[in-house]
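Here's the letter readout for the chains.
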Amino acid sequence: MIQCIVDTDAGPDDLMALGYLLACPSVRIEAITTAYGLAHTHCGADNIRRVLALCGRTDIPVYAGQDRPLGSTAAFPSQWRQLSDTLPGVTLPSAQGDPETLPAVDFLRRRVRQDSRPIRILALGALTNLAGICDAACPSLQDMIIMGGAFDVPGNVIDSGEFVSPTKTAEWNMFVDPLAAHTVFSSDLAQLVIPLDTTSQIKICPGFIDAFGALAPSPLHQMVCELLELVRPCAAIGTYYAWDPLASAALVDPSIVRTRTHAIDVSIECGTTRFASSGPPKSIAVSADRTRWEAAFFRAFESKPYPLPNFCS
């Protein structure tokens, strides 16, 4: 059984990844923390609590993080944040019970330092929360699986109606809080990094969305269908990828990705990631098996065997 904490900025692909993990019988999510990034942290926490109510998992606590980066003023476009806060077209029940009042960083520090049970962390947003645990030993932390960065491919922080991008090489999770990323990658904590180099190989296309929608329905399946419909316009023009769903699958089955080991440096000015000549080595995914990922993702929501077409050839 995989014991994990999910640290997420609660965007649409984050919630797809969360739905996959909740559907996986081999995964036990111990807690969820919301990170700076797409959804505002308290809105994201409320939405996640609604997801947990949908699937009867209100036993999983959700801790909200601070809604500001450690050392930057960068942010996702406000239109993207509004979409992640409100999730138009996604039907979720009301959250149950009272929200947790302990800040996310305080919970994480207590869990990885004072609790002896081994735990893994899946990081799907900016690394703001996780930077807060890098200043001391974390004896119960096995590793972190981090979605973020770009090494040998272009970044995805592009010009928008709200700003002109200062970099063409940074990835969003690193860009919005580069100091946090620098702190995490400079630490000795074990990490598997899933960068754009790998996620760019797993495109989500309309054929994938249609095939997923044909699976046997369940509450989690319906939620993921609605999230996929929300992003269908991007999928239709070829700009939507399995960013966080790939990272969540690599947590469950590391063989889905092929890795290399190298130290990582992050520019504090703009969040650009690059291979470093020195520093603690990290495991970095360099390629992904799309067929294996598609099979794993579908299998979590469907118990029957089925043939998998090549959705996005």
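Residue positions are counted from 1 within each chain, in the order its sequence is given. With pLDDT at 70 or above as the cut-off, local features in this predicted model cover only qualifying residues; side-chain atom pairs require 80 or more to be listed or tallied, and sums for whole chains, interfaces and linings still use all residues. In computing side-chain properties, one takes all heavy atoms of the structure into account and sets aside hydrogens as well as water.

1. Section: the overall build of the chain
Piece 1. Only runs of H or I of at least four residues qualify as helices and only runs of E of at least two qualify as strands under DSSP, and these elements are numbered from the N terminus. A tally of helices and strands in the chain yields 13 helices and nine strands.
Piece 2. We compute the radius of gyration from the C-alpha atoms alone; for a globule the expected value is 2.2 Å times N to the 0.38, where N is the number of residues. Taken against the 2.2 N^0.38 rule, which gives 20 Å for 313 residues, the C-alpha radius of gyration of the chain at 18 Å falls within 12% of a compact globule.
Piece 3. Overall size of the chain, expressed as C-alpha extent along the three principal axes, is 50 × 45 × 40 Å.
Piece 4. Classification of the 313 residues of the chain by burial places 58% in the buried group.
Piece 5. When contacts within the chain are restricted to residue pairs at least 6 apart in sequence, long-range pairs at least 24 apart make up 76% of them. Relative accessibility under 20% of the residue-type maximum defines a buried residue, over 50% an exposed one, and the middle range a partly exposed one, all with a 1.4 Å probe and only protein chains included. In what follows, a contact means two residues having at least one pair of non-hydrogen atoms within 4.5 Å.

2. As for unusual backbone geometry
Piece 1. With a phi angle near 60 degrees, Ala10 is a residue other than glycine that sits in the positive phi range.
Piece 2. Considering the arrangement of structural elements, one finds Ala10 in the loop between β1 (2-8) and α1 (12-23).
Piece 3. Phi is positive for Leu87, close to 45 degrees, though the residue is something other than glycine.
Piece 4. Inspection of the secondary structure puts Leu87 in the loop between α3 (78-86) and α4 (104-114).

3. Some thoughts on the confidence of the model for the chain
Piece 1. When the pLDDT values of the chain are averaged, the result is 94; 96% of them are 70 or greater.
Piece 2. A residue's pLDDT is simply how confident the predictor is in it, with values from 0 to 100. Across residues 304-309, confidence stays below pLDDT 50; counting only partners more than four residues off in sequence or on other chains, it has eight contacts.

4. Quick word on the nonpolar core
Piece 1. Buried Ala, Val, Leu, Ile, Met, Phe, Trp, Tyr and Cys residues that are joined via side-chain atoms within 4.5 Å together make up what is termed a nonpolar core. Counting residues in hydrophobic clusters, the biggest one holds 68 residues, and the most contacted among them are Tyr20, Ile29, Ile32, Ile194, Phe212, Trp293 and Phe301.
Piece 2. A total of seven residues in this core trace back to one element, the largest contributor, which is α1.
Piece 3. Ignoring anything within four residues of it in the chain, the contact list for Phe212 reads His221, Val224, Cys225, Leu228, Phe297, Phe298 and Phe301.
Piece 4. Residues Met144, Ile146, Ala180 and Ile284 belong to the second largest nonpolar core, which totals 30 residues.

5. Considerations on the sheet that holds β1
Piece 1. Should DSSP find at least two bridges between two strands, the strands are regarded as paired. Reading across from one edge, β3-β2-β1-β4-β5-β6-β9-β7-β8 is the order of the nine strands in this open sheet, with mixed pairing throughout. Taken across any chain shown, the strands that pair with only one partner, and hence form the sheet edges, are β3 (62-64) and β8 (273-276). Averaged over neighbouring strand pairs, the angle between their axes works out to 35 degrees when direction is ignored.
Piece 2. As paired elements, β1 and strand β4 (residues 119-123) share four bridges and run parallel to each other. In the strand pairing of β4, Val6 is matched with Leu122.
Piece 3. Inter-axis angles, ranging from 0 to 180 degrees, are taken between N-to-C directions of lines fitted to C-alpha atoms, where helices are fitted over the stretch in contact. The strands that helix α2 (residues 41-54) touches are β1, β2 (27-34) and β3; relative to β3, the one it contacts most, it runs at about 170 degrees.

6. Quick word on the side chain of Thr198
Piece 1. Along the chain, Thr198 turns up in helix α8 (residues 196-199).
Piece 2. Not counting chain neighbours up to four residues away, the residues in contact with Thr198 comprise Leu246, Val257, Ala285, Val286, Ser287 and Ala288.

7. Remarks on the packing of aromatic side chains
Piece 1. Stacked, edge-to-face and tilted are the three classes for Phe, Tyr and Trp ring pairs, Trp counted by its six-membered ring, which pair at centre distances within 6.5 Å; planes under 30 degrees apart are stacked, over 60 edge-to-face, the rest tilted. Going through the model one piece at a time under the given rule, you end up with 17 aromatic pairs.
Piece 2. Their ring planes at 20 degrees and their centres at 5.5 Å tell us that Phe208 and Trp293 sit as a pair that is stacked. Separated by 85 residues along the polypeptide, Phe208 in helix α9 (residues 206-213) and Trp293 in helix α13 (residues 290-301) bring together distant segments of the chain.
Piece 3. Residues Phe212 and Phe297 carry aromatic rings whose centres are separated by 5.6 Å and whose planes lie at 45 degrees to one another, so their mutual orientation is tilted. Of this pair, Phe212 sits in helix α9 while Phe297 sits in helix α13, and the two are 85 residues apart along the sequence. Like Phe297, Phe212 is buried.

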